[in-house]
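# Per-entry structural report
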Amino acid sequence: MNHRQKLIFIKQKAEEHEPGSNEKIYWSFHAVNKLRKEGLRKGYIEAALKDAILIEDYPDHGRPLPDCLLLGFIDDNPIHIVAAIDIDMDRIFVVTVYRPDIMRWENDWKRKKK
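Definitions and cut-offs
- Residues numbered from 1 in each chain as written.
- Predicted model: local features only at pLDDT ≥ 70, side-chain atom pairs only at ≥ 80, totals over all residues.
- Heavy atoms only, no water.
- Helix = DSSP H or I, 4+ residues; strand = E, 2+ residues; numbered from the N terminus.
- Buried < 20%, exposed > 50% of the residue type's maximum accessible area, 1.4 Å probe, protein only.
- Contact = heavy atoms within 4.5 Å.
- Pairing = 2+ DSSP bridges.
- Axes fitted to C-alpha atoms, helices over the stretch in contact; angles between N-to-C directions.

Next up on the list: the environment of Asp 67. For Asp 67, the location among the structural elements is in strand S3 (residues 67-74). Note on Asp 67: relative accessible area 7%, which makes it buried. A C-alpha to C-alpha distance of 18 Å links Asp 67 and Glu 23, two positions 44 residues apart in sequence. Other than its neighbours up to four places away in sequence, Asp 67 contacts Lys 6, Asp 57, Tyr 58, Val 82, Ala 83 and Ala 84.

Another aspect to go through is the sheet that holds strand S2 (residues 53-57). Strands sit in the order S1-S5-S4-S3-S2 across an open sheet of five strands; the sheet is mixed. With partners counted over all chains shown, the strands left at the sheet margins are strand S1 (25-27) and S2, one partner each. Between one strand axis and the next, the sheet turns through 35 degrees on average, direction left out of account. Relative to strand S5 (residues 91-98), strand S4 (residues 77-86) runs antiparallel, the two being bridged by seven bridges. Across the sheet, residue Ile 81 finds its bridge partner in S5, namely Val 97. In this fold helix H1 (residues 3-16) packs onto S1, S2, S3, S4 and S5, with an angle of close to 130 degrees to the strand it touches most, S2. With respect to the sheet, helix H2 (residues 29-38) is in contact with S1 and S5, its orientation differing from that of S5 by roughly 40 degrees.

Dropping the structure here:
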């Protein structure tokens, strides 16, 4: 699955997602813990996924599911989301979420500082 296909799939599942009904977004235990630590809610991330951009595409080999790093926004605040694509189950899996640190990321939140 290429970069574009991953992003289309993620946005489509985010649009289709209805909590408690069709569950197109699943959450890792780690991601739920990060939500608590970052003071975020699932609904914020689920909304951010609808307009997210893919900033790092991870190789498929050595991983159970193809995944990538996405940049989304909650209001004007950047959020990074690592999401995996589960085509067989027709859903995405949120691996982790975090607020990017300005000390590690450029002002556009898309590139790590060197």
